[in-house]
2 protein chains.
Amino acid sequence: MGARPQFIKLAALHRAIVRSDAFEHIIIHSGQHYDQGMSGQFFDELNIPTPHYNLDIGSGSQNYQVGHCILGVDAILEGERPDTVIVYGDTNTTSAAAIATAKRNIPLAHVEAGLREWDKSIPEEVNKLITDSVTDLFFTPTETGRANLEREGKRKHVYVTGDISLDLLFGLELTLDIEQIYKIRKGDYYFMTCHRAANTDNVGNLHQILMAVEKLDKTVIWPLHPRTKNAIDKLNPNWSPTHVKMIETCGFAETQALIKNASFVITDSGGIIKETYFHKVPAVIIDKQTEWIETVDEGWNTVAGPNASKILDVIKGWKRPNVHSNCLGDGKAGDRIVEEILSYLNE
Amino acid sequence: MGARPQFIKLAALHRAIVRSDAFEHIIIHSGQHYDQGMSGQFFDELNIPTPHYNLDIGSGSQNYQVGHCILGVDAILEGERPDTVIVYGDTNTTSAAAIATAKRNIPLAHVEAGLREWDKSIPEEVNKLITDSVTDLFFTPTETGRANLEREGKRKHVYVTGDISLDLLFGLELTLDIEQIYKIRKGDYYFMTCHRAANTDNVGNLHQILMAVEKLDKTVIWPLHPRTKNAIDKLNPNWSPTHVKMIETCGFAETQALIKNASFVITDSGGIIKETYFHKVPAVIIDKQTEWIETVDEGWNTVAGPNASKILDVIKGWKRPNVHSNCLGDGKAGDRIVEEILSYLNE
């Protein structure tokens, strides 16, 4: 798997696999560059066992990552000959492993299948399309995902499981004292993340986002993705408004505590969008669209795009909705996925 | 591009591009191993200019070819920054170039889009699915192709052009004296090809095919694909019935002359299937299915699969149909493709 959200999905599914005691689980880590800082921390905190293989893909162009990942996964598949390969989400690792698996004619299960943003200029969208084009078992979090797959003629072995990354949040105890750590008051700060290439690699978009942040009226806690840090350093190396606390990327439980107690979340991360919804905290999405349209439809989250005035307007004008349907999942997605894989293998 | 059928499509489109004088045409040759014997010969005979790039992929596992081809094409795209990338057919090169192109967010045109065999265990089917999942301009030979794409929700920029590889057959003069070259009489021999992995890599299937060939009642002219030669050598190195003339792979015009004058054609090649239909010569398909179902529906070709008795029954029982609708193309596919690419780029 690739970046943070994939680790969370892996952790949740691994727990379900261990619970089921039904099959051996061999884990491949692609070792994409930007994961290095996070991966050790995440693996420990989420109790993911040490991966059996690490491809050490490192950084490089998207095609560099995909090409090398195909070669690396192919060698492993040749040796291990697994009954099924499970891929997560929409990273370069996802599509590369999907291709390698399909080419070896091994059943492919895609966790988080069927999500679409209808914009092929987004790197993740290309990964989604390639992966689902050769998937055998589609595990989709929502009815929207199922409908998207149906539009593409994919009706067989499509399972709406709920979102697996939320599995970890049910029953999670948040004991960190973030008021002390960050010198903030609960309910009186913003939590922010920004990592999408559309925002970090586009100077105009990044400028808009920074303008919005500058004008915010409370402390902003912002764990900086390395790509974003580089982009800000290029745009304005001295950028550091006093109310903005830029921190290193933080762990899973700490992130949840920071989301849960924020007055508002500003993000372009699909994972964070889902987590804000779970914690019933509003979010403004600084991406042009979201795959988690259900959270927007219910009024919890709002798409503003990378536009300073829209971002500020959303935060100012938001009204708490009456409905929270837990539409993204009930904490049992992992168990459902294990069950369906077993039944597929017994077919 | 990859193997023989792709060279033919490239040759036809190149002629149309030259006629239009509308854009520069940069050609990448992937250099897959099995093409080496054929490619020089084909390039000369079909007047394809020397490729600007040769990736020299060589042989190896499918994933080896796809992975290295992605890396090779990526480097070229970075340097050349083309307005559109055109890929042909369903080889490993096709899907690899499609992935590399989509990852660089460059418009992708797929010549021979929309064909399906509904069996993901076929390597070419995986290439078709991956390629069409990220294609922007779909050039499909038939209405069946259009319907297949529509089933997958692909309706935009889908063009039914007719089959481009037939473009070269319209007006082609066949002057070779095959009676003298092969010591055969026109209309009194079988022409045979066999190269699909499902037949060459499956001993049972290959055995069935050889059994059928052994029992044929006329001379069989069989240009041997290197993969098939290796497979036969493994199965039975002494296999050489006196009525079977196994020859080296032959050129384009020679192949057409051999098809046109055969009493029946035995093949698992999509390209040859189309060509038999063009020449109004019956074919028995030794594959389990065909993408060119129109030729079967009209009664010219019949699917027997790799089954000795079925193959012989088809040849014995075939009756000439009353209809030949030229449903595969009218010789102008290349011109249509050039026109649509131009109009897309001007959008």
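Residues numbered from 1 in each chain as written. Chains lettered and ligands numbered in written order. Predicted model: local features only at pLDDT ≥ 70, side-chain atom pairs only at ≥ 80, totals over all residues. Heavy atoms only, no water.

## Comments concerning the side chain of Lys-128 of chain B
Here is step 1: Here Lys-128 of chain B lies in helix 5 (residues 123-133).
Here is step 2: With near-sequence residues (within four places) excluded, Lys-128 of chain B lies in contact with Asp-90, Leu-115, Arg-116, Glu-117 and Glu-291 of chain B. (Helix = DSSP H or I, 4+ residues; strand = E, 2+ residues; numbered from the N terminus. Contact = heavy atoms within 4.5 Å.)

## Remarks on the environment of Ala-102 of chain B
Here is step 1: Considering the arrangement of structural elements, one finds Ala-102 of chain B in helix 4 (residues 92-103).
Here is step 2: Residues Ala-102 of chain B and Thr-131 of chain B lie 29 residues apart in sequence; the distance between their C-alpha atoms is 9.5 Å.
Here is step 3: Those residues within four positions of Ala-102 of chain B in sequence are excluded, and the remaining contacts are Lys-120 and Val-126 of chain A together with Val-134 of chain B.

## A short note on the packing of helix 9 (residues 203-214) of chain A against helix 10 (residues 226-235) of chain A
Residue and element names in this part refer to chain A.
Here is step 1: Where helix 9 contacts helix 10, the two axes come as close as 11 Å, and the packing angle between them is 90°. With respect to helix 10, the element helix 9 is oriented roughly perpendicular. Where helix 9 abuts helix 10, its residues Val-203, Leu-206, His-207 and Leu-210 lie against Ala-231, Ile-232 and Leu-235.
Here is step 2: Here the residues of the contact of helix 9 with helix 10 sort into 6 nonpolar, 1 polar and no charged. (Axes fitted to C-alpha atoms, helices over the stretch in contact; angles between N-to-C directions. Parallel < 35°, antiparallel > 145°, perpendicular 65-115°, else oblique. Nonpolar A, V, L, I, M, F, W, Y, C, P; charged D, E, K, R; others polar.)

## Section: the sheet that holds strand 6 (residues 158-160) of chain B
Residues and elements named next belong to chain B.
Here is step 1: Pairing is parallel in the open sheet, where 4 strands are placed in the order 3-4-5-6. Taken across any chain shown, the strands that pair with only one partner, and hence form the sheet edges, are strand 3 (85-88) and strand 6. Sheet twist, expressed as the average angle between the axes of neighbouring strands with direction ignored, equals 15°.
Here is step 2: Sheet contacts for helix 4: strand 3 and strand 4 (108-111); angle to strand 3, the most-contacted strand, approximately 160°. (Pairing = 2+ DSSP bridges.)

## Structural notes on unusual backbone geometry
The phi torsion of most residues other than glycine is negative, and most of the peptide bonds are trans.
All names here are of chain B.
Here is step 1: Even without being glycine, Arg-81 reaches a positive phi, approximately 45°.
Here is step 2: Its location among the elements puts Arg-81 in the loop between helix 3 (62-80) and strand 3.
Here is step 3: Look at Lys-280: it is not a glycine, yet its phi comes out positive at around 60°.
Here is step 4: Position of Lys-280 among the secondary structure elements: in the loop between helix 12 (270-279) and strand 11 (283-285).
Here is step 5: Relative accessible area serves as the criterion here: at 42%, Lys-280 is assigned to the partly exposed category. (Buried < 20%, exposed > 50% of the residue type's maximum accessible area, 1.4 Å probe, protein only.)

## Some points on the sheet that holds strand 3 (residues 85-88) of chain A
Residues and elements named next belong to chain A.
Here is step 1: Pairing is parallel across the open sheet formed by 4 strands, whose spatial order is 3-4-5-6. The open sheet has two free edges, formed respectively by strand 3 and strand 6 (158-160), since each of these has just one partner strand. Strand-to-strand twist of the sheet, defined as the mean angle between neighbouring strand axes without regard to direction, takes the value 15°.
Here is step 2: Pairing of strand 4 (residues 108-111) with strand 5 (residues 137-140), which is carried by 3 bridges, proceeds in the parallel orientation. Directly across from Val-111, in strand 5, lies its bridge partner Phe-139.
Here is step 3: Contacting strand 3, strand 4, strand 5 and strand 6, helix 15 (residues 333-345) crosses the sheet at an angle of about 165° to strand 5.

## So, the relation of the copies chain B and chain A
Here is step 1: With an RMSD of 0.0 Å, the fit of chain B onto chain A corresponds to turning through 180° and sliding 0.0 Å along the axis. Accordingly, the operation relating the two chain copies is best matched by a two-fold axis.
Here is step 2: Counting the interface residues of chain B, we find that 100% of their copies in chain A are interface residues as well, pointing to one common contact surface. (Least-squares fit on C-alpha atoms with pLDDT ≥ 70 in both.)

## Section: the interface of chain B and chain A
Here is step 1: The interface is formed by 30 residues belonging to chain B together with 30 residues belonging to chain A.
Here is step 2: Taken together, the links from chain B to chain A amount to 2 salt bridges.
Here is step 3: With a shortest N-O distance of 3.4 Å, Asp-136 of chain B and Lys-120 of chain A are connected by a salt bridge.
Here is step 4: Linking chain B with chain A are 20 residue pairs in polar contact (both at pLDDT 80 or more).
Here is step 5: Counting residues per element, the ones that place at least two in the side of chain B that touches chain A are helix 3, helix 4 and helix 5 of chain B.
Here is step 6: Taken together, the residues that form the side of chain B that touches chain A break down as 12 nonpolar, 11 polar and 7 charged. (Salt bridge = Lys/Arg side-chain N within 4 Å of Asp/Glu carboxyl O. Polar contact = N/O pair within 3.5 Å; in protein donor to acceptor, adjacent residues only side chain to side chain.)

## Some points on the confidence of the model for chain A
Here is step 1: The predicted model of chain A averages 93 in pLDDT, with 97% of residues at 70 or higher.
Here is step 2: Predicted complex metrics record ipTM = 0.87 and pTM = 0.88. (pLDDT = per-residue confidence, 0-100.)

## Quick look at the pairing of strand 10 (residues 264-267) of chain B
All names here are of chain B.
Here is step 1: Here strand 10 shows two buried faces, one formed by Phe-264 and Ile-266 and the other by Val-265 and Thr-267.
Here is step 2: Relative to strand 10, strand 7 (residues 189-192) runs parallel, the two sharing 3 bridges. Residue Met-192 lies in a different strand from strand 10, and its bridge partner there is Ile-266.
Here is step 3: Inspection of the sheet shows strand 10 paired to strand 11 by 3 bridges, in the parallel sense. Within the sheet, the bridge partner assigned to Thr-267 lies in strand 11 and is Ile-285.
Here is step 4: In the classification by handedness, the crossover that spans strand 10, the intervening helix 12 and the parallel strand 11 is right-handed. (Right-handed = clockwise from strand over helix to strand, strands pointing away.)

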